[in-house]
Amino acid sequence: MDNKMFCFQCEQTAGCAGCTGKAGVCGKTAEVAELQDQLTGALVGLSRAVDNAPDANEGTWRLMIEGLFTTVTNVSFNEKTIRELIGRVHEEKARLVPGCSGCGSRCGRNDDYDMNLLWNAQEDIRSLKSLILFGVRGMAAYAHHAMMLGYADEEVNRFFAKALFAVGEDWDMDALLPIVMEVGEKNLKCMALLDKANTESYGTPAPVTVPLTVEKGPFIVITGHDLHDLKLLLEQTEGKGVNIYTHGEMLPAHGYPELKKYAHLKGNFGTAWQNQQREFADIPAPVLFTTNCLMPPKASYADRVFILPDALRYRQRKNYRTTGTGARPNANWAGSYHSKTGEKPYRHKCTVCGRTDTDYPNLEFRYCSKCNGYYCYCIDHINNHVHITTPPEGKQ
């Protein structure tokens, strides 16, 4: 593949085929994509070392999970951090097989894997290996969240190494298919682990009605997936006169009793993560990003974005007091956040026909990855419109 980059791991990928230019739909640059491939190749090398060494430990699994999680969409765009992580993976591999790098008759058994071999593999092999790789990347997100709450599973941890090892091997379909099936099996086990971690930490979730309005007064919006981050934010803002609103995938937090008990957890703001650049454009409040949800911030709200290093954080680093004091008054923000426009509230509006999800609640809407900007289309026009190639007004 003669492209600047190649990435097709998320559902937003360009043309439903793959991002191949200077940057992906998510905002990831070609340089970051290359580093993520190098990190993945280093993790495959680490899995080979684990296969040959008996002393893999908790630190090995933590590093493998962190590395896989870093390559998930929208987790890290930081080249320096990814390079440092590659270095840590190499250090761990050297610890596990200390004589390998200085061996006089190198066999290459524990070398890093060249990801170009995967992207250029025969189609069926590429598909099966991609299923394995993307599956364990997503699984690593679950494992990481559970790990932050003190929960882990040895069988799940060892499967990360097994799956990565398979990605690096020259196996045929018959050998890869059982690994693909095992990805599903272990993923369910990992989800059960995270469910146990969440319910034992925050109680059993129950259905609740979540307000979609913003009350008067200063507030903070928190987006992402990390319930532990939300818990810390709620603790540190309690009694400060600052309301908290979830965004995107943080919405389910309202169902957990130990989070819902905080009176200043007021409701949910906005919609899904891919709409953040539009929804945060004029929000008069800080936005705290957690885990895999960050898109490159626009200048209109970049000064209000708060994020700790690359969404891969440890408890001792987490303190949001500066974020809390950064919340700004918003006396004019009452009722629906759409109401200030004077328009009928809606979340999606087709760029071609103008139909909205308010007027047509059963109509499906999608965003076009080929248009220059975040343009929404109804299901009748998502594949039947002229692509917009010029930046939106004021965004040149």
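Parameters at a glance
- Residues numbered from 1 in each chain as written.
- Predicted model: local features only at pLDDT ≥ 70, side-chain atom pairs only at ≥ 80, totals over all residues.
- Heavy atoms only, no water.
- Helix = DSSP H or I, 4+ residues; strand = E, 2+ residues; numbered from the N terminus.
- Expected span 1.5 Å × (residues − 1).
- Buried < 20%, exposed > 50% of the residue type's maximum accessible area, 1.4 Å probe, protein only.
- Contact = heavy atoms within 4.5 Å.
- Polar contact = N/O pair within 3.5 Å; in protein donor to acceptor, adjacent residues only side chain to side chain.
- Pairing = 2+ DSSP bridges.
- Right-handed = clockwise from strand over helix to strand, strands pointing away.

Here we come to helix 2 (residues 58-70). Given a rise of 1.5 Å per residue, 13 residues ought to cover 18 Å, and the 18 Å separating the end C-alpha atoms of helix 2 matches this to within 8%. In terms of burial, helix 2 is a largely internal element, ten of the 13 residues being buried. Of all the positions in helix 2, only Thr-60, Trp-61, Leu-63, Met-64, Ile-65, Glu-66, Gly-67, Leu-68, Phe-69 and Thr-70 are classed as buried. In this structure, the buried residues of helix 2 make contact with helix 1 (30-52), helix 3 (79-96), helix 5 (123-148) and helix 6 (154-167). Where helix 2 starts, the residue carrying a side-chain oxygen 2.9 Å from the main-chain nitrogen of Gly-59 turns out to be Asn-57.

Over its 30 residues, helix 7 (residues 173-202) runs 43 Å from end to end, which matches the ideal 44 Å to within 8%, given 1.5 Å per residue. By the N-cap criterion, in which a side-chain oxygen at the helix start approaches the backbone nitrogen of a residue two or three places on, helix 7 is capped by Asp-172, the distance to Asp-174 being 3.2 Å. Taken from the residues just after helix 7, Gly-203 is the one with a positive phi, measuring 90°.

Our focus in this paragraph is the pairing of strand 1 (residues 219-223). Counting buried positions over the five residues of strand 1 gives five, a clear majority of the element. Along strand 1, one buried face is formed by Phe-219, Val-221 and Thr-223 and the opposite face, lined by Ile-220 and Ile-222, is buried too. Here strand 1 pairs with strand 2 (residues 243-247) via five bridges, running parallel. Its bridge partner lying in strand 2, Val-221 is registered against Tyr-245. The sheet contact formed by strand 1 and strand 4 (residues 287-289) spans three bridges and is parallel. Considered in strand 4, the bridge of Thr-223 is made with Phe-289.

Sheet architecture is open: five strands sit in the order 3-2-1-4-5, paired in parallel fashion. A single partner strand is all that each edge strand has here, and the edge strands are strand 3 (265-268) and strand 5 (305-306).

Here the focus is the environment of Glu-258. Residue placement: Glu-258 occurs in helix 9 (residues 257-260). With 54 residues separating them along the chain, Glu-258 and Thr-204 place their C-alpha atoms 9.0 Å apart. Within the structure, Glu-258 has its side chain in polar contact with the side chain of Lys-261 (distance 2.8 Å).

Right, let's talk about the pairing of strand 2 for a bit. The two faces of the sheet receive side chains in turn, since in a regular strand these alternate between them. Within strand 2, five of the five residues are buried, leaving the element largely enclosed by the surrounding structure. On strand 2, burial covers both faces: Asn-243, Tyr-245 and His-247 on one face and Ile-244 and Thr-246 on the other are all buried. Handedness of the crossover joining strand 1 and strand 2 through helix 8 (residues 227-237) is recorded here as right-handed. Bridge analysis of strand 2 against strand 3 gives three bridges, and the strand direction is parallel.

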